[in-house]
Amino acid sequence: MGLNLNIRRIIFNSVFKSDGEKIVLLSHSSVKQIAGRAGRRNSPYPHGEVTCRDPRDLPYIRECMARDISPVSKAGLMPTARHIHLYTDAIEKYSPDVNLSHMHDVLFQFNKMATVQGDYFLCRQKQMQMIAKMLKDIPLDQDSKYTISMCPVNTSDIRAMDIIKRFSIKRALGEAAGLKARVAPKRPTSFDELSTMCDMHHELELFLWLSMRFPGNIVEQQAALSLKDRVIDLIEEGLVTSEHLKLEHDYIKRDKRLRNNWIENNGNKSAYPFLDDEIEDDDFYDDEEEYVEKTI
């Protein structure tokens, strides 16, 4: 799942992000992965460009791009539906006191008791448990709940989780799930609208992921495929005219919040060697136009 777009340049607004629990510095591999979206073979931009908005981040970006990607040290495994069946049968036979009344209980206990050898680990268990817990009161069979819990989705995305829940309720009722009515997309005129268009694309891909595993409404599936293609075209048009899009969100202040939070949690600036103590934050963030003037 994802967008394959013709992108010439990636500009990092910040090298800090939230990992769901705390603010972290982007890893070298993350920087390379994001930067790699610029420049694709057989595209209008075969050679990509990478930079950042805040000049203080540039040395770190350069270091990340120059460093070799660390070799993979471990591989993630996910249990199959058959593993879950065998596990529940064994628990019901030998440990009947263990609570397996809901799929999220099954996944929790499985993750707690399962062991893997060598350079392997069980992946996405927390996300799967969260999705399964959301489905606990929906009268679906355990196989269906397990399949749905494997959705490649960010569980903090409220809209995406709502799509999963509505799809599951429709299936439990024996009805064919369809697309939620929405306004026909149009070419974005601001970065916020461009972001909304990307969210729409993600929602359509999620619906298609579910509908292909639970076939039922071919008309809605074809409509989603057609709308997805239209959304991709509009996103491409928005990127082509990005120099003329309105900026309605203060990304500079957002970066300041992330940066200050990271520095506070890491004790001092020494953990991030590219922060310049001689540059005051106020020099960068008081006013966006003033910032631009100071960096030209």
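Since this is a predicted model, take the numbers as computed values, not measurements. (Residues numbered from 1 in each chain as written. Predicted model: local features only at pLDDT ≥ 70, side-chain atom pairs only at ≥ 80, totals over all residues. Heavy atoms only, no water.)

Our next topic: the side chain of Ser149. Checked against the element boundaries, Ser149 lands in helix H6 (residues 142-149). Accessibility expressed as a relative area gives 0% for Ser149, which makes it buried. Side-chain polar atoms of Ser149 contact the backbone oxygen of Tyr146, separated by 2.6 Å. Once you skip the residues sitting within four places of it in the chain, Ser149 turns out to touch Leu107, Arg124, Met128, Ile131 and Ala132. (Helix = DSSP H or I, 4+ residues; strand = E, 2+ residues; numbered from the N terminus. Buried < 20%, exposed > 50% of the residue type's maximum accessible area, 1.4 Å probe, protein only. Polar contact = N/O pair within 3.5 Å; in protein donor to acceptor, adjacent residues only side chain to side chain. Contact = heavy atoms within 4.5 Å.)

Formed by 47 residues in total, the largest nonpolar core has its most connected members in Phe12, Ile131, Ile148, Cys151, Ile164, Leu206 and Leu210. For this core, the secondary structure elements donating two or more residues are strand E1 (9-12), helix H1 (28-35), helix H2 (58-66), helix H7 (158-172), helix H8 (191-213), helix H9 (218-240) and helix H10 (251-265). At nine residues, the largest contribution of residues to this core is made by H8. Setting aside its immediate chain neighbours within four residues, Phe12 contacts Leu26, Val31, Ile34, Ala35, Val50, Thr51, Cys52, Arg53 and Ile61. (Core = buried A, V, L, I, M, F, W, Y, C linked by side-chain atoms within 4.5 Å.)

On to the pattern of salt bridges, then. Close approach of charged atoms allows side chains of opposite charge to pair. Counted according to the given criterion, the structure contains eleven salt bridges. Here Arg56 makes a salt bridge to Asp54, at a shortest N to O gap of 3.0 Å. Side by side, Arg56 and Asp54 carry an identical accessibility label, which is buried. Here Lys228 ties to Glu205 by a salt bridge, and the two come within 3.1 Å at their closest N and O atoms. Within this pair, whereas Lys228 is found in helix H9, its partner Glu205 is found in helix H8, the two being separated by 23 residues in sequence. For Lys228, a relative accessible area of 19% corresponds to the buried category. One network of salt bridges, in which partners are shared, links Arg53, Asp54, Arg56, Asp57, Asp255 and Arg259. (Salt bridge = Lys/Arg side-chain N within 4 Å of Asp/Glu carboxyl O.)

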